[in-house]
Every structure is written in C-alpha cells, then in structure tokens.
Amino acid sequence: MKRLFGTNGIRFILGEDLNVDDIVRIGMAVGTFFKGGRCLLGRDIRKTGEIVAQAITSGLMATGCNVYDVGLITTPALQFTVKAQGFDFGVMITASHNPPEYNGIKVIDHDGVEIERSKEERIEDIYFHEKFALSNWRNVGRHYYCNNEGIIEEYIKAVIRHIDADVVKRKKFTVVIDPANSVGILTTPRLAKILNCRVLTINGNLDGDFPGREPEPRPDNLEGLATTVVSSGADFGVAHDGDGDRAIFIDEKGNVHWGDRSGALIVEYYLREHPGETVVTPVSSSVVIEEVARRHGGRVVYTKVGSIHVSRKMLELKAPLGVEENGGVFFGPHHPVRDGTMTTALILNILAKEEEPLSKLMARLPKYYQMKLRVPCPNELKENVLKVLREATKDMKVDHTDGVKIWYDRRSWVLIRPSGTEPIFRIYAEADDKSKLNNIVNKAKSMLEDAIDEVTKKDRFNTLRTE
Ligand code: MG
C-alpha cells in the first residue's frame, strides 16, 4: 500500500506533494481513527503552518473532534501537555529539521508519544480508501483557541522539577540560545532565565523564512553561534531544530559536540546515580554511548532510526533514557520523547554539579571520529538500492535493523540507510582513527553510488521495455 507516514510523521511541500484538500482528508482520516475526541493542535513557525492547521482542523471537526488550538508551540511541550492534561490525541504541524519549504504532521497518541506504526497504517487505510466517518451537521466538532502561555509555563515547571534548580541558579551561567527563528524561542530562553542564567539569543525572532540558518542544526551552520559563545564568554551554546525537540551543544571554547556525545554525557551522569539502567538508541548512534553505559553496568538497546522507535522501546522496557545522534535526548522521568529544552536543563544541571567547563567534561568521553554524508537517490529507487547493498555485503558482519550497518571491528562501522523524509541516502560512519574513517566512508560512498547506478540503469531499461 502507498504510504503517508515517513520516519517522523507525514512530510510534504504544500502544493507539490500534498494540497490543502489532501490535508483536510488527512484530518478526516485521523479524526475517524480517534472516533471524535479532544485533540490538542499546535504548530511551528513554518509559512504553511497556519493553512495546514486550518485544513486539518476542518477535517478533524468534520468527524466530530473538538480541536483545542494552541498555535505556536514546540513538539515536546505539546506532547507533554497531551498526556498531562488528558487529551485523547494531539496533532503537531511541523517538518522538524527539514528545509523551510517543507511542512509535516505528527500525530500524538493519548500517552503523549507519536502513534505507533500499526496505527499509522490504519490511518493510511482510512485515508487511501476514504473510509471516513463523517458527523452530521448537529455533531460536528468545536474549535477552541487556547493560550500557549499557560501551557508553556506548566511545561517548564515540569522540566525544572527534574533538576536541582537551586544549585543551577547559584552558578549564574551565561547561555547562548539559537532556536533557528522557530518555536524553541518560546521555551528554552524562558527556562534559562528562570534558572538565573544570563541569556543571549541569535536567530531569536520568529520567522518562517528561517533567515538565520536552515532548521537542521549542523556543525556547518552553527559557526555564528560558536563565535557568539566565545566572544560573549558564555558557558555554552545550544541550537535547536525547527520544532525544538533537538539540542546541539557548543562548549565554551566554540567546539560543536554532536548529539551522541552530549547524550553520552547525560547517560554517564544519570547512570552514575542509577547504575544498571537501560539506554535506548538507534543504530546510527556512536559506540561511545555503549561504552559509557557499560562503565556503569548499564545496557544499550538499539532500534531503527526515528524518534518514535526510541520512545516506544523506552515505554516497552521502562527505560529512563534515550539518545539520538542528531541531538535528541529522551528523559523518561519527565516524558519519553526527545526534548531540546529538557536536554538543556540536564546539561545545566550537570555543569552546576560537576563544577567544570563543558569542554573538559566532553574531553573525558572516549574519543571517536565520525562522518556523515548525504547521497541523492530518488525515493522510488531506494528499496531496490537496499537490495543491491544487502547482496553486496552478505559476506560481511552486517546489521539490518535499519538500512545496512557494516561493522569492521568493535570500534568502527558504517551505516547506509535511506532517509524517511528526503530523497537521499544517509551515510553515517565512525572509527577510532581518522584515516580508517576516511577509508570506510570512501568505500561506503562508492558502494552506494554503484548500487544507485545499477538500479537506475535497470529502471530505465524496464521503462523502455514497457513503453
Ligand atoms: Mg525536530
């Protein structure tokens, strides 16, 4: 069957991949699935956010849902509120880290976590076969505007409960926050101010053109943040993605630390106090997480890439921590979803208690080298490219949890996997030595390009034959 949902909800360019009437029908499909009920609706700053929110609202109301529209909010604050205030479900309009022209729809279950795959499939079945349960005119849903202020205040109070706020407050940290001109500006600066921090922001005005940088925080677009951290003498900098669930940290010397290293620091600190606990992480994460967890008798459980897999596995195993290499930290005691503001609170807490600068704490973690690449590949070829890759690597030590992960030894690996949201393959690689890493990446890249070539040629040949 055709799919609507990708790795993290539905992603599209309005007017190209989906039109407004498709969005109305998605609303009707989601509303039919939830059989009416109370829905908390929110969105990030994207230019199409309002029109998508209105279209999906119409669809939801047509099936009898009451829609509580909170407007601009981060994904984690919406997820937390769905659970905390007993909504039947939530809908977040966001394309997270994708470029500005994209938008997306994340459907949140009553437990505040994205719905599981089987439920996505049922919604797709309703959508593609138009099995909508529409209400008559008497029973259509109601639409309520909610003030996001109160919701954000409650959310921040809940975050702060998990750290030693008095110790953090005494430190009077200086923090530079880069929310990418989107909704992260509504939560993290507020949290930091309550915690007595001196707060500087860059890209701190709400703007759906994302004039400061693309919504995905990457080392190559965080130079401005790094410079500001150093020149202002800040203790650290933090960059969010478009919906505020990811946090990438920059130490006081201006070094960008990727998510699995800041995640490993949080794992180290948490497991020191709670030894033997379980950490959930996707196969794309650094082995540094496993090394750190093992030091404290903990274990690591690997999942497919995508926050929903981490969240659902955490719930299944009652695991307190999840980590993603892209800057997603899932802190179960608060809520088992990735949350950039909660992650910032945890880092502030660690800095306050350890009394050492972030660069020093990071330097104590085992050292690995990593590289990531994007290789363009049309969506319709991805499955066949994977088949070719599986065949080409069948005599190697491989893991098929998600894409193809090749282990060269215990400390070096490469993962080749199709993106669920963009027409690309992603290559992730890690090694304990730089030249080994280059070698691995070059091999993986040419293997992938050969596979794409082979499949493209076959595809062209088949097209010619059927014409
Ligand atoms: Mg995100």
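It should be emphasised that the depicted structure is a prediction, and the values quoted were computed from it without experimental measurement.

Summing up its helical and strand segments, the chain has 15 helices and 20 strands in all. Since a compact globule built from 467 residues should have a radius of gyration of about 23 Å, the 22 Å found for the chain is in line with a globular shape. Expressed as lengths along the three principal axes of its C-alpha atoms, the size of the chain is roughly 65 × 60 × 40 Å. The proportion of buried residues among the 467 residues of the chain is 60%. Considering only contacts within the chain whose residues lie at least 6 apart along the sequence, 71% involve residues at least 24 apart. Carbon and sulfur atoms provide 48% of the accessible area of the chain, an area that totals close to 18,900 Å². For the chain, the separation between the mean place of its 64 positive charges and that of its 66 negative charges on side chains is 3 Å.

Moving on: helix 11 (residues 307-317). For helix 11, the complete set of buried residues consists of S307, I308, H309, V310, S311, R312 and M314. Just downstream of helix 11, K318 is the residue with a positive phi angle, here 55°.

We now examine the side chain of K405. Relative to the helices and strands, K405 resides in strand 18 (residues 404-409). Here K405 is buried and forms no salt bridge, its nearest opposite-charge partner D399 lying at an N-O distance of 5.7 Å. At a separation of 2.7 Å, a polar atom in the side chain of K405 contacts the main-chain carbonyl oxygen of V283.

Our focus in this paragraph is the domain arrangement of the chain. Looking at the chain, the domain boundaries give domain 1 (10-146), domain 2 (153-363) and domain 3 (369-466). Placing a centre on the C-alpha atoms of domain 1 and another on those of domain 3 gives a separation of 34 Å. Counting each side, the surface lost to burial between domain 1 and domain 3 is near 280 Å², with a carbon and sulfur contribution of 49%. Scanning the region where domain 1 abuts domain 3 turns up zero salt bridges. Where domain 1 meets domain 3, there are zero residue pairs in polar contact (both at pLDDT 80 or more). Across the side of domain 1 that touches domain 3, the residue classes tally to one nonpolar, two polar and one charged.

Here we come to helix 10 (residues 287-295). Taking burial as the measure, the nine residues of helix 10 include seven buried ones, the bulk of the element. Those residues of helix 10 not exposed but buried are V287, V288, I289, E290, E291, V292 and A293. The backbone nitrogen of V288 has a side-chain oxygen 2.9 Å away, supplied by the residue at the start of helix 10, namely S286.

So, on to the nonpolar core. L195, F236, V279 and L348 are the most contacted members of the largest nonpolar core, which has 77 residues in total. Each residue touching V279, except ones within four places of it in the same chain, is listed here: V267, L271, I289, A293, R299, V300, V301, L321 and V323. Of all hydrophobic cores here, the second largest spans 31 residues; its members include L4, C39, L41 and I123.

This part takes up the sheet that holds strand 17 (residues 398-399). Taken together, the five strands give an open sheet; going across it, the order is 16-20-19-18-17, and neighbouring strands pair in antiparallel fashion. Both edges of this open sheet fall to strand 16 (369-376) and strand 17, since each of them pairs with a single strand only. Looking at chain direction, strand 16 and strand 20 (residues 424-431) are connected through eight bridges and run antiparallel. Residue pairing across strands places L373 opposite I427, the latter belonging to strand 20.

Let us now look at the pattern of salt bridges. A full pass over the atoms with the stated rule returns 40 salt bridges. Of the charged contacts in the structure, one is a salt bridge between D22 and R25, with a shortest N-O distance of 2.9 Å. With D22 and R25 both in helix 1 (residues 20-33), this residue pair falls three residues apart, about one helical turn. Among the salt bridges present, the one from K394 reaches E391, with a minimum N-O distance of 2.9 Å.

Mapped onto the elements of the fold, D339 is located in the loop between strand 15 (328-331) and helix 12 (340-354). Buried within the structure, D339 lacks any salt-bridge partner; its nearest side chain of opposite charge belongs to R338, at an N-O separation of 9.8 Å. In contact with D339, other than residues within four places in its own chain, are P76, Y155, G244, D245, V329 and H334.

All right, on to the packing of aromatic side chains then. Under the defined criterion, the tally for this structure stands at nine aromatic pairs. Chaining the aromatic ring pairs together yields one cluster made of F33, F34 and F89. In this arrangement the basic side chain of R38 is found over the ring face of F87, its NZ or CZ atom lying 4.4 Å from the centre. In this arrangement the basic side chain of K367 is found over the ring face of Y369, its NZ or CZ atom lying 5.3 Å from the centre.

Moving on to a negative patch on the surface. A contiguous patch of negative charge on the surface is contributed by E16, D17, E101 and E214. Relative to the helices and strands, E16 is located in the loop between strand 1 (10-13) and helix 1.

What counts as what
Residues numbered from 1 in each chain as written. Predicted model: local features only at pLDDT ≥ 70, side-chain atom pairs only at ≥ 80, totals over all residues. Heavy atoms only, no water. Helix = DSSP H or I, 4+ residues; strand = E, 2+ residues; numbered from the N terminus. Rg over C-alpha atoms; globule rule 2.2 N^0.38 Å. Buried < 20%, exposed > 50% of the residue type's maximum accessible area, 1.4 Å probe, protein only. Contact = heavy atoms within 4.5 Å. Areas by Shrake-Rupley, 256 points an atom, 1.4 Å probe, with all protein chains shown as cover. Lys, Arg positive; Asp, Glu negative; His and termini not counted. Charge placed at Lys NZ, Arg CZ, Asp CG, Glu CD. Salt bridge = Lys/Arg side-chain N within 4 Å of Asp/Glu carboxyl O. Polar contact = N/O pair within 3.5 Å; in protein donor to acceptor, adjacent residues only side chain to side chain. Domains from an automatic or database assignment. Buried area = accessible area lost by both parts, 1.4 Å probe. Nonpolar A, V, L, I, M, F, W, Y, C, P; charged D, E, K, R; others polar. Core = buried A, V, L, I, M, F, W, Y, C linked by side-chain atoms within 4.5 Å. Pairing = 2+ DSSP bridges. Phe/Tyr/Trp six-rings, centres within 6.5 Å; stacked < 30°, edge-to-face > 60°. Lys NZ or Arg CZ within 6 Å of the ring centre and 35° of its normal. Patch = residues over 30% accessible without salt bridge, like charges linked within 9 Å, V, L, I, M, F, W, Y side chains within 5 Å.

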